[in-house]
Structures are given as C-alpha cells and as structure tokens.
Amino acid sequence: MVLKVIDHPFAFDMKNICTAFFPYEKIKNDGEEDIVVITERKNDTLIADAAVFEKTLRKTHIIKENEDVALAMSVLLYNTLSELLGMKSAWGVLYGVRPAKLMHRFTEDMGEQSARKYFTDKFLVSPDKADLTIEVMKHENKVISLSQKDSFSLYVSIPFCPTRCSYCSFVSHSIERTKKLIAPYVELLCSELKETGRIAKELGLRLETVYFGGGTPTTLDADSLTRIFSTISESFDLSRLREYTVEAGRPDTVTREKLTALKNAGVTRISINPQSFNDKVLEAIGRKHTCGQTLEAFYLARECGFDNINMDFIAGLPTDSLSSFENSIDTAVSLGTESVTVHTLALKTAAYLVTREKTFDLTDRLTATAMVDYSNKTLSENHYYPYYMYKQSKSIANLENVGWCRKGRECLYNVYMMDETHSVFAAGAGAVTRLKDQKTGQIRRIYNYKYPYEYIDHFDEMISRKNGILNFYNEYK
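Here the structure is a predicted model, which is why all the values come from computation and not from measurement.

Undergrad: Quick question: what am I supposed to make of the packing of helix α3 (residues 99-110) against helix α5 (residues 127-144) here?
TA: Where α3 contacts α5, the two axes come as close as 8 Å, and the packing angle between them is 85°. What the angle tells us is that α3 and α5 run roughly perpendicular. The residues of α5 that touch α3, namely those facing P99, A100, M103, H104 and T107, are A130, T133, I134, V136, M137, E140 and N141.

Here you go:
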C-alpha cells in the first residue's frame, strides 16, 4: 500500500494506524497500489483520503484551540479507514507496545477514573480493553514493587529449535541445519555468562530473575543445559533470586533427564507450549509434536516436581476454528496449569496476498477476536487474572497478548521486561542487554550478534561490548 504524508510531522503515527488496518502490507510512500492513503494538513484543516480498491472516502477535521494535533490526525485517519472497511479496532488509535505502562503514567497524573476515560474517549479504546489494561496495571505494579534500585535480571538466549514454526519471527534455527554450531555456541555462551557475572558482582547488583528463552532451550541435551546452569551458579549470586524460568516450549524436546537437570539447577518455572490442542493445526504451522506429546510432557514435568507450569496459545492460527481454540483453552484449564499466555497471531509481511476479497473479508479478524474474548472470559471465570500484556505490530485485528495466572504465579521476568523496571543483562545470540538508569528512566541497549554463526565468529568483539555495562553504571552513579 501507499501512504502519503503531506505538510505534517506525524508520519510515524499514520503508519501505525495503517498497520492496524492492513497488518500485512508493506507500506511505501509512492507508487501505484490498490490501497492508497493520503493525510494532509492545510492550515487549520486536517484531511484524510483513502482509496481501497474501488472504494474511496475523504474526511476532514478543523483543529480546535489547544488540541493535540497528532492525536486528532490519528483519530481522523482511524475513523476514515474504519468507515471505509466496515471494521473497528478495540484498541482504537492506541498502538503502543505497553498499554499498562501508559495507563500507569496517566493514572499517576490524573487518577484512575480520568485515565480510563482518556483511553475510551480520546484513544477510542473499548471499555473492555480499558478495564483489562487497568487490571493488568494493578497486578504489574505489585510485581514492580519487589524490584530495588540495584536489581537486575538475566536473560539467556538458546536460539535453536527442533523445527521452525511457520509464523516464527524470532532468531531461532532448526537443529537439523545448525547442529554443528551447538557445541561451540554453548562453550562461548558459558564464557559470556562468566564475564557478565563478573561485571554484576563488581557492580554489587542484586539478581532477581533468570530467564532462558529462544528458540527452545530444551533443544539442548541435558549435559549442555547442566553446563550452562553450573556456569550461572558459579558466576552469579543466586542467594536472593526470586524466579528461575526455562522455556521447555516444544513438548517433543522434553525428557525426564532434561527436567531433572532443570530441577537440580533450581529452576522454579517452566513453559510447555502447545500453541494448540489440535493436531491438524500443529501440522499446518510446522510443529512436529502432537497433542498427546504435550500431555505426556506436562504430566512428566509434574512427576519431576514442577508446580509452576505455563502454557502458550495463539489465537488466529491457520486452519484453527473457534471451537478448536476453545477446546485448547479448556484443556489447559482442566490440567490446572498455573499460567496461560494467549498471543494473537502476527505474520510477516510476505505472508499476505493482497486481494479485494481478503481486504474486505472480516472473517479472520472476527474469529481471532472471538478467540481472545473467549480466553479472557474463561480464564477469568477459572480464577486466573491478567498480570502482563503487550501489543505487537501486525497482529490480527490489532489484538493484544496477555499473560494470565493463578494467584501468586506471575512470571516476574515478563513484568520486569514489559515495564522496563530494571536492567536486564542478556547473553547469547540475538540477546539485547537493556540498561536502566533508575534516576532518569533512560534505557541504553547493548546488542549481541544476531545469528549463532555471527556470535561465534565475532565473539571477542561482542565481549568487548560488555564494557558498556560498566561505563553505563559509572555514569549513572
């Protein structure tokens, strides 16, 4: 699609509004396309012109005194596209990643009732989503209050998976293609963890949470996992650790030997992620495990003593139906899993084919919305509450991702990451260290090399970047 921005500085906002309605389109600023949006300011008049195949609509707005012009332009474009396409977004013009963090700021400034009204009246957020945001904010704040000025978390990246899922946008690689990289990767990862631990001890910081992500960390064998766990215990002070999470996301990677290694290392929380309890859906997205294997992995984890297990599901997966998705949520609840994370499918741009029929067909959006609504209702009725939330660009129907949990079973790391509460030291390929200045709120990032082969080939250069942590804290102090 083409987006033209004329005589106003709100191109970023306009692009995000367009993405909410056309999540899989590559947005260009010129050319011949079937979808063309033009936004313009002429003196005190804002103009939004949209042409979607043969349908066109033009709306204008006269700027009022002291009006937020960026917001007015966003609302004008939203209303134009909403009327033209016959659809609305429950999140209105709000496109930020962290709605709860924004709600927290507004609540501090104007009080909860006024903040909620601002969300619904100004941002056009639905009352249900505004209420969800407030509930998430309150639960997040309880977790955030545990963090101290000298707190930090540790993220460990294991960027390998048994196979690559069709929807995946993470830095993860099929084990079949990268098996030869695993041994050198683990060797260097342990070296990076030692250096990171040395820096944390020199700075006298307090480690709150450890989180293994990926990829699928349990793609590694038990010996490799144990080696990494041992390096962490030797390199970091774990005496005040509140949480130790490992994503055992793919059920086909879960074995008793690996679970025993996790348990012996002090891991307190794991994820076993079905994404769906429908074998045909799993096949369609490139997963090689079955629903039966998910159940086996779950029961095995219980046998090994894990009493804090998360399951992930995705609303809007290819070939999935509302009844199938409902069964997936119901199954997780019946198992008694301590937390359930419900994502909305977000696809890469290249995955979408533009046709008039698809553009105006609301089926996928309505189905995904019904799936999310069902999960919210069912989990709430079964004594789960929403403790963290984020929004992702290019999600179906511009919907959210929400973590639900039973009482006291929040993933602390997820909250700290989403709120940017404190520094997160990260190790491994694709990992990003985020440093938080507690006085100013400033965030500084230190990037590791993205792919495992780059990580291995340029390891010395990457390790030298760790000095940036010391430099940051010396400036901060």
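Still more ground to cover, so stick around.
Undergrad: Is there a simple way to think about helix α8 (residues 256-264) in this case?
TA: Side chains that are three or four residues apart share a direction in an α-helix, a result of its 3.6 residues per turn. Of the positions making up α8, those classed as buried are K258, L259, A261 and L262. One side of α8 carries all its buried residues, which in axial view fall inside an arc of 155°. More than 90 degrees from the buried face of α8, the exposed residues found are E257 and N264. Lining the buried residues of α8 we find α7 (222-235), β9 (243-247), β10 (269-271) and α10 (291-303).

Undergrad: What is the right way to read the packing of helix α4 (residues 112-121) against α5 from this model?
TA: Two numbers describe a pair of packed helices, the interaxial angle and the distance between the axes. In contact at an axis separation of 9 Å, α4 and α5 are set at 140° when each is read in the N-to-C sense. What the angle tells us is that α4 and α5 run oblique. In this structure, α4 meets α5 at a crossing whose hand is right-handed. Residues E112, R116, F119 and T120 of α4 form the contact with α5, whose own contacting residues are P127, A130, D131, T133, I134 and K138. For the contact of α4 with α5, the class distribution of residues is 4 nonpolar, 2 polar and 4 charged.

Undergrad: Which parts of the structure should I look at to understand the packing of aromatic side chains?
TA: Each aromatic ring pair is specified by the distance between its two centres and by the angle formed by the two planes. Under the counting rule described, the total for this entry stands at 25 aromatic pairs. Measuring from centroid to centroid gives 5.2 Å for Y387 and Y388, while their planes differ by 40°, and the two rings are tilted. Neither Y387 nor Y388 differs from the other in exposure class; each is buried. Among the aromatic residues, those joined into a cluster by ring pairs are F152, F236, F425, F472 and Y473. Across the ring face of F306, the terminal group of K263 is positioned such that the distance to the ring centre comes to 4.8 Å. Directly above the aromatic system of Y449 lies the positively charged group of R465, at a separation of 4.6 Å from the ring centroid.

Quick notes on the rules
Residues numbered from 1 in each chain as written. Predicted model: local features only at pLDDT ≥ 70, side-chain atom pairs only at ≥ 80, totals over all residues. Heavy atoms only, no water. Axes fitted to C-alpha atoms, helices over the stretch in contact; angles between N-to-C directions. Helix = DSSP H or I, 4+ residues; strand = E, 2+ residues; numbered from the N terminus. Parallel < 35°, antiparallel > 145°, perpendicular 65-115°, else oblique. Contact = heavy atoms within 4.5 Å. Buried < 20%, exposed > 50% of the residue type's maximum accessible area, 1.4 Å probe, protein only. Arc of directions from axis to C-beta. Left-handed = near helix turned anticlockwise from the far one by under 90°. Nonpolar A, V, L, I, M, F, W, Y, C, P; charged D, E, K, R; others polar. Phe/Tyr/Trp six-rings, centres within 6.5 Å; stacked < 30°, edge-to-face > 60°. Lys NZ or Arg CZ within 6 Å of the ring centre and 35° of its normal.

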